[in-house]
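So the chains spell out like this:
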Amino acid sequence: MTLKVSHDWHIPVMGIVYTLDTATKVARFGINSVMSIVHDQVIEMMYKHHSEIFDIEYEPIDIGEEDYRARRITRYLNLVDDIVEGQMAALRTMPLDGGFNDLHLAFQLLSPTHPVRGLYESFMKTKSPDLESMLKDSLTKGRIDVNIMTKLDRPFARDDSQDLNEAMAALRGFANSKLESSLVLSAGMNPPLFTYIREFPDFLPDDSGKMKKKVILKISDYKSMRVQSKLLASKGVWVSEYRIESGLNCGGHAFGSPSGQLAGPIVEEIMANREKIHAEQLDAYRSALSMPLLELPPPLITYQGGIKTHHEKKWFLDRGIEMVGMATPFLFVPSVTILSENTREVLIKAKTEDIELSDDSPLGIDFWRVKNTLGDIMHNRKIAEGDPGYKCTYGYLRLGEDGLCSADRRKVSERLEGLKGLPEGEMKDYLRAKILAPHCLCGGLIWDAKRAYGLQGDPFAKTTDALVCAGPSAAYFKRNYTLLEMVRHFNGEAPFPELASAPNTHIEELRINVEKLEKDLSTHQFRENAEAVKKSSGKILIGLLSSIDFYKKNIGTFRQEEQAGISEQLGQHEHRLAGINAAYFGK
């Protein structure tokens, strides 16, 4: 069997631009990464930027041209693939018997237990030409995956054709590209989009069952996995990987589990039922394609969210998870992600209290925001000066019936006007804060790329400053790191001392969920659906207590030196939940 470079981790999508060209920085080392393809306007700017670097003639694809959104995405993805292919060719010509170069780095990034790493270490001792040839043959390109947030699916052109919706055009852009990689679907169900996937041959199996393009589905728990897998399979869409993501212990938009279950019990339930899911999915898929004898391998089960250390990564791999994703830590690696120096400085200084699960997303979904960025400062200043809201220039979040984003100054003004008849008090303060909270994400989350790369060609004036949507684990990384440093940390070869006192990811996830529960219950009386919020909070409370019980029973799965501390913290949160139960449910 030919040995190939591979990794047991990947770099998930981050924001709109943070990983938009990460593949050009890591794919040659066999590392998979994911980019967002929601913002075709910044994608067009990025294409222009990279075409200048690689001396490629640039012809703009202007807004209003036929199928401009999909064409912009296709062209950029093809360029990224060309860049990576060129890097792979260059890598294979580099010498191993000279000084340090990217070829050496490719092998040093591997896990110490990887067989190719063993070959490399043997070569360094023997300088064998045969080993050098084997090592170069093992080089593998990392996947260049893309992410579509399925909720972002407004029409972007005045046409009755549904395939001019945002998500469908993004899908078409990926499907028409030459990439052989995966589409990551996130943020829930979108049946019309799911049906549309089958229209593209690259997503269908050939005679051997191979697909040029695959589907990865983000899931929150076993229930969401089962419901969505059946729906997709019945539409003739095969899911090749289920990517479990922590409900709240992640970056960007956060979708808390309605059951209150945490990562440990969720992973256990999914792994126990993976064969059942595969059988159900395969039956529905065969029926949809009228191919009763088709055989496909079981989908991969992967996990991402809040992993900060080698031991946390290993915990999931030991449970049978095939690959884990680490996102936020790579915001501290300038050679991997796009951030301006100013924003990286804010990240480095951030403490736990500076990373907030906020109401800042116009989508009305919990959103992790790091305080003290230029965008945060600007937002607060606008409110203080009596000029809240933004001029909506990009429009990706104009999803309401009135066609306005909830961060649009017209929408904000209208909603504030509606509060004037309410008496002063806690309810009015709560509602006012909710109205003022939304930031302009379309502009704020691309600001760093514009500043870091000096991107030109944005047809819209600047409406906001930098925002960063790092996850809570950002509080524990305290400097910039090289790619090799970060990978050696996660491989357990040279762990960062600054992470030694960080809480275990399972405890961190528990803390975040308990705090979210307290916040929801303390304000539920101000909401129109107050009783429904209280009822759902009761279910979450039960799920959290059940998760604590799971970790207590499985305390032996943690390192011995951690067990006493984890047990103590589980007890503290159990006591805290008992107080919540007594205060709000009289139990």
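Residues numbered from 1 in each chain as written. Predicted model: local features only at pLDDT ≥ 70, side-chain atom pairs only at ≥ 80, totals over all residues. Heavy atoms only, no water.

A. A look at the packing of aromatic side chains. Taken as a whole and assessed by the stated rule, the structure comprises 15 aromatic pairs. Ring plane angle 40° and centroid distance 6.1 Å describe the contact between Tyr-47 and Tyr-58, whose orientation is recorded as tilted. Taken together, the residues span a long stretch of sequence, with Tyr-47 in helix H2 (residues 40-53) and Tyr-58 in the loop between H2 and helix H3 (68-93) at a distance of 11 residues. In this structure Tyr-58 comes out as partly exposed when scored by relative accessible area, which is 23%. An aromatic cluster is present here, built from Tyr-303, Trp-315, Phe-316, Phe-550, Tyr-551 and Phe-558 joined pairwise through their rings. In this structure, Lys-382 packs its charged tip against the face of Tyr-390, placed 5.3 Å from the ring centre. Over the ring of Phe-496 we find Arg-479; its NZ or CZ atom is 5.6 Å from the centre of that ring. (Phe/Tyr/Trp six-rings, centres within 6.5 Å; stacked < 30°, edge-to-face > 60°. Helix = DSSP H or I, 4+ residues; strand = E, 2+ residues; numbered from the N terminus. Buried < 20%, exposed > 50% of the residue type's maximum accessible area, 1.4 Å probe, protein only. Lys NZ or Arg CZ within 6 Å of the ring centre and 35° of its normal.)

B. Representation of empty space enclosed by the protein in the model. Taken as a whole and judged by the stated rule, the model has 4 cavities of 30 Å³ or more. Looking at the largest cavity, it is lined by 16 residues, and the ones nearest its centre are Cys-392, Cys-405, Ala-407, Cys-440 and Cys-442. For the lining of the largest cavity, the class distribution of residues is 11 nonpolar, 3 polar and 2 charged. Reported here for the second largest cavity is a volume of approximately 70 Å³. Along the wall of the second largest cavity there are 14 residues; nearest its centre are Ser-246, Gly-247, Gln-261, Ile-266 and Glu-509. (1 Å grid on protein atoms, 1.4 Å probe; cavity = no way out; pocket = protein on both sides within 12 Å on 5 of 7 lines; lining within 4 Å. Points joined across faces, edges and corners; volume = space filled by probe spheres on them. Nonpolar A, V, L, I, M, F, W, Y, C, P; charged D, E, K, R; others polar.)

C. Spotlight on a nonpolar patch on the surface. A surface patch of nonpolar side chains, amounting to about 270 Å² of accessible area, comprises Ile-53, Phe-54 and Ile-56. Relative to the helices and strands, Ile-53 is located in helix H2. (Patch = residues over 30% accessible without salt bridge, like charges linked within 9 Å, V, L, I, M, F, W, Y side chains within 5 Å. Areas by Shrake-Rupley, 256 points an atom, 1.4 Å probe, with all protein chains shown as cover. Salt bridge = Lys/Arg side-chain N within 4 Å of Asp/Glu carboxyl O.)

D. Spatial organisation of the nonpolar core. Counting 157 residues, the largest nonpolar core has Ile-37, Phe-107 and Phe-330 as its most contacted members. Here this core gets 9 residues from one element, more than from any other, and that element is H3. Sequence-distant contacts of Ile-37, defined by excluding residues within four places in its chain, comprise Ile-43, Arg-69, Ile-73, Leu-77, Val-146, Asn-147, Ile-148, Ala-170 and Phe-174. In this structure, Met-211, Ala-233, Tyr-285 and Leu-294 belong to the second largest nonpolar core, which totals 9 residues. (Core = buried A, V, L, I, M, F, W, Y, C linked by side-chain atoms within 4.5 Å. Contact = heavy atoms within 4.5 Å.)

E. Spatial organisation of helix H6 (residues 129-137). For H6, the complete set of buried residues consists of Leu-131, Glu-132, Leu-135 and Lys-136. Looking straight down H6, one finds its buried side chains confined to an arc of 135°; they lie on one side. (Arc of directions from axis to C-beta.)

F. Just helix H12 (residues 310-318), in detail. When we look at burial in H12, the residues that qualify are Glu-312, Lys-313, Trp-315 and Phe-316. One side of H12 carries all its buried residues, which in axial view fall inside an arc of 150°. Summarising the contacts, the buried residues of H12 are in contact with strand S1 (9-10), helix H10 (263-272), strand S7 (300-304), strand S8 (323-325), helix H19 (483-490) and helix H20 (505-523). Taken from the residues just after H12, Gly-320 is the one with a positive phi, measuring 100°.

G. Broad picture of the pairing of strand S3 (residues 144-149). Where burial is concerned, most of S3 is hidden: 6 out of the 6 residues are buried. Side-chain alternation along S3 places Ile-144, Val-146 and Ile-148 on one buried face and Asp-145, Asn-147 and Met-149 on a second face that is also buried. For strand S2 (residues 33-36) and S3, the ladder comprises 4 bridges, and the chain directions are parallel. Residue pairing across strands places Val-34 opposite Asp-145, the latter belonging to S3. (Pairing = 2+ DSSP bridges.)

H. Geometry of the pattern of salt bridges. Scanning all chains against the criterion turns up 51 salt bridges. Across the pair Glu-132 and Lys-136 runs a salt bridge, and its minimum N-O distance is 3.7 Å. Taken as a pair, Glu-132 and Lys-136 lie in helix H6 at a separation of 4 residues, close to a single helical turn. One connected set of salt bridges, linked through shared partners, spans Asp-40, Glu-44, Arg-69, Arg-72, Arg-75 and Glu-166.

I. Summary view of the sheet that holds S2. Overall, parallel pairing links the 8 strands, which are arranged S1-S8-S7-S6-S5-S4-S3-S2 in an open sheet. Across the chains shown, the open sheet's two edge strands, defined by having one partner strand only, are S1 and S2. Where S3 meets strand S4 (residues 182-186), 4 bridges bridge the pair, whose relative direction is parallel. Bridge assignment links Met-149 to a residue of S4, and that residue is Ser-186. H10 contacts strand S5 (214-219), strand S6 (239-245) and S7 of the sheet and is inclined by roughly 175° relative to S7. (Axes fitted to C-alpha atoms, helices over the stretch in contact; angles between N-to-C directions.)

J. Structural context of the pairing of S7. Most of S7 is tucked away: 4 of the 5 residues are buried. Sheet analysis places S6 next to S7, joined by 5 bridges and oriented parallel. Its bridge partner being in S7, Arg-243 is matched across the sheet by Thr-302. In the sheet, S7 pairs with S8 via 3 bridges, with the strands oriented parallel. The residue of S8 that forms the bridge with Thr-302 is Met-323. Taken together, S7, H12 and S8 form a β-α-β motif whose crossover is right-handed. (Right-handed = clockwise from strand over helix to strand, strands pointing away.)

K. Up close: the side chain of Thr-74. Within the element layout of this structure, Thr-74 appears in helix H3. Thr-74 gets classed as buried once you look at its relative accessible area, which sits at 11%. If sequence neighbours within four positions are ignored, Thr-74 has contacts with Arg-172, Gly-173, Asn-176 and Ser-177.

L. Molecular detail of the packing of H3 against helix H7 (residues 166-175). Between H3 and H7, the shortest axis-to-axis distance is 7 Å and the interhelical angle comes to 35°. Along this stretch, H3 crosses H7, giving a crossing that reads as right-handed. For the pair H3 and H7, contact is made by Arg-69, Ala-70, Ile-73, Thr-74 and Leu-77 and by Glu-166, Ala-169, Ala-170, Arg-172, Gly-173 and Phe-174, respectively. (Left-handed = near helix turned anticlockwise from the far one by under 90°.)

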